[in-house]
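Spelled out, the chains give:
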Amino acid sequence: MSIRLFLNRGLYCVEVKGFGKSKCSIVQSNTTRVYKKLFGSMKFAKLSQTEDLMPTLGLGTWQASSDVIESIVYRALELGYRHIDTAFNYNNEEAIGKAIKKWIADGNGSRKDLFITTKLPHVGNRAADVKKFVDIQLSRLQLEYVDLYLIHVPFAFYCDPETLTPVVKHNGEYDLDMETDHVSIWKVMEECQKEGRIRNLGLSNFNEDQIAKIMKAASFKPQVLQVELHAYFQQAALRKFCEENDIVVTAYAPLGSPGAKDHFVNKYNYSPDKFPDLLGHPEVKDIAVKHGKTTAQVLLRFLVQQKVVVIPKSTSEKRIKENANIYDFELTQAEINRLRNLDKGEDGRIFNFLFWKGVEKHPEYPFKISEITA
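One structure accompanies this document, and this report is about it.

### Focus on unusual backbone geometry
Here the phi dihedral of D246 falls at roughly 55 degrees; this positive angle occurs in a residue that is not glycine. Here D246 lies in the loop between α6 (236-244) and β14 (248-252). Non-glycine residue F353 carries a positive phi angle of around 70 degrees. Mapped onto the secondary structure, F353 falls in the segment after α11 (333-340). Take F353: its relative accessible area is 6%, and that puts it in the buried class.

Encoded structure:
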């Protein structure tokens, strides 16, 4: 094992090598910046090509409306969060941009202290549209660049040019653009990276074959894969593939997305039984009691301890604080094994995208229909 002290993007960091073959080393910041006591020890994943440091904890913002997200993001930044995850489809980039601008203007830090992720939407999944959406998103965020830009989903919908939303046919099905070409999209994203508007490129909700195809043609390979990942749906094979290819995995819905239940039940008529109660699971509760932690902290630590970046979403200051307090304890191997045993495989998947009627007919729909339930 070797230790190296270095400065990266305004942070003094200690790199500890010897965590296996992956070059995406987990490193610990010893920064002299004035972080809140809550964040005395932040951890990062190092991206293999740029060596940028990606905080292993970020603030997820899906379903966080623009009328509340500005104050929430500002408060999270005050509390020490440096990684903010958003997307065009979340309809909150403009509010997040205002929060970032105010935080910097108030003298709390600089742009280089932050790691901002956003995503190319499903209505922009064609080479001719990439730069248009990058421009729109940078304008909304009031940024000159984003730290990470992901292709949000591997399939594409035709776009209503007035509303920039998907075209829906009379039968309720989404109008699919069947000519999706990931490689051509990726090449334009590489151009944006060379132009300095994107620092790192990645994917979201792609399967292994789709990732491999892009890697084969890419000059700048994917650095990050963001997917649904939690104790009920652990995606071990996909994570192993990513580790072997120096791709950092980010888990969305790391707590089983408890806040999404009402949204899907009310809007898409999902069964309430579709949503797991991971926070109330007896095994998780037992481990939490032993460590004097919340069940959410245990579930987040379970992933981070396995080199997975987590982006739990919350609009509660109390939970935002709690979610951050995961670096002062360690799960035993026996406890990790207990949590691994909760994995349900494909039966644990929540987000299969079938709420977009007809999406499974797209040639780049990433999941096998026989393995999932609507």
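Following the structure, the description resumes.
### Regarding the environment of V130
Locating V130 in the fold gives a position in helix α3 (residues 130-141). Not counting the four nearest positions on each side in its chain, V130 is found in contact with L120, G124, I185, V188, M189 and C192.

### Concerning the pairing of strand β9 (residues 146-151)
The buried fraction of β9 amounts to six of the six residues, a majority that puts the element mostly inside the structure. Relative to β9, strand β8 (residues 115-120) runs parallel, the two sharing four bridges. Note that in β9 the partner of T118 across the bridge is Y149. For the segment spanning β8, α3 and β9, crossover handedness is right-handed. In this sheet, strand β12 (residues 198-204) lies alongside β9 in parallel orientation, the contact comprising five bridges. Paired with I151 across the strands is L203, a residue of β12.

### Considering the pattern of salt bridges
On inspection of all chains with the given rule, the structure shows 25 salt bridges. Put simply, R75 and E78 hold a salt bridge, and the shortest N to O gap is 3.1 Å. Of this pair, R75 and E78 both sit in helix α1 (residues 66-79), three residues apart, which is roughly one turn of the helix. Judged by its relative accessible area of 26%, R75 is partly exposed. Of the charged contacts in the structure, one is a salt bridge between E317 and R75, with a shortest N-O distance of 2.9 Å. Linking E317 in helix α10 (residues 317-324) with R75 in helix α1, this pair joins segments that are 242 residues apart in sequence. Residues joined by salt bridges that share partners form a network here, namely K131, D135, E191, E195 and R197.

### Things to note about the nonpolar core
By size, the foremost hydrophobic cluster in this structure holds 97 residues, and its most contacted members are I211, L225 and F353. Setting aside anything within four residues of it in sequence, one finds F353 in contact with V153, F155, N205, Y252, V359 and F367.

### Digging into the sheet that holds strand β13 (residues 224-228)
Spatially, β6-β7-β8-β9-β12-β13-β14-β15 is the arrangement adopted by the eight strands of the open sheet, whose pairing is parallel. Of all the strands in the sheet, just β6 (59-60) and β15 (308-310) have a single pairing partner and so form its edges. Here α6 sits on the sheet in contact with β13, β14 and β15, set at roughly 170 degrees to β13.

### Focus on the packing of aromatic side chains
Tallied over the entire structure, the rule returns 13 aromatic pairs. Centroid distance F155 to F353: 5.8 Å. Interplanar angle 65 degrees. Geometry classified as edge-to-face. Of this pair, F155 sits in the loop between β9 and β10 (159-160) while F353 sits in the segment after α11, and the two are 198 residues apart along the sequence. Judged by centre distance (6.0 Å) and plane angle (75 degrees), the rings of F353 and F355 are edge-to-face.

### Here we look at the side chain of R349
Mapped onto the elements, R349 comes out in the segment after α11. Among the polar contacts made by the side chain of R349, one reaches the side chain of E346 at a distance of 2.9 Å.

The rules we used
- Residues numbered from 1 in each chain as written.
- Predicted model: local features only at pLDDT ≥ 70, side-chain atom pairs only at ≥ 80, totals over all residues.
- Heavy atoms only, no water.
- Helix = DSSP H or I, 4+ residues; strand = E, 2+ residues; numbered from the N terminus.
- Buried < 20%, exposed > 50% of the residue type's maximum accessible area, 1.4 Å probe, protein only.
- Contact = heavy atoms within 4.5 Å.
- Pairing = 2+ DSSP bridges.
- Right-handed = clockwise from strand over helix to strand, strands pointing away.
- Salt bridge = Lys/Arg side-chain N within 4 Å of Asp/Glu carboxyl O.
- Core = buried A, V, L, I, M, F, W, Y, C linked by side-chain atoms within 4.5 Å.
- Axes fitted to C-alpha atoms, helices over the stretch in contact; angles between N-to-C directions.
- Phe/Tyr/Trp six-rings, centres within 6.5 Å; stacked < 30°, edge-to-face > 60°.
- Polar contact = N/O pair within 3.5 Å; in protein donor to acceptor, adjacent residues only side chain to side chain.

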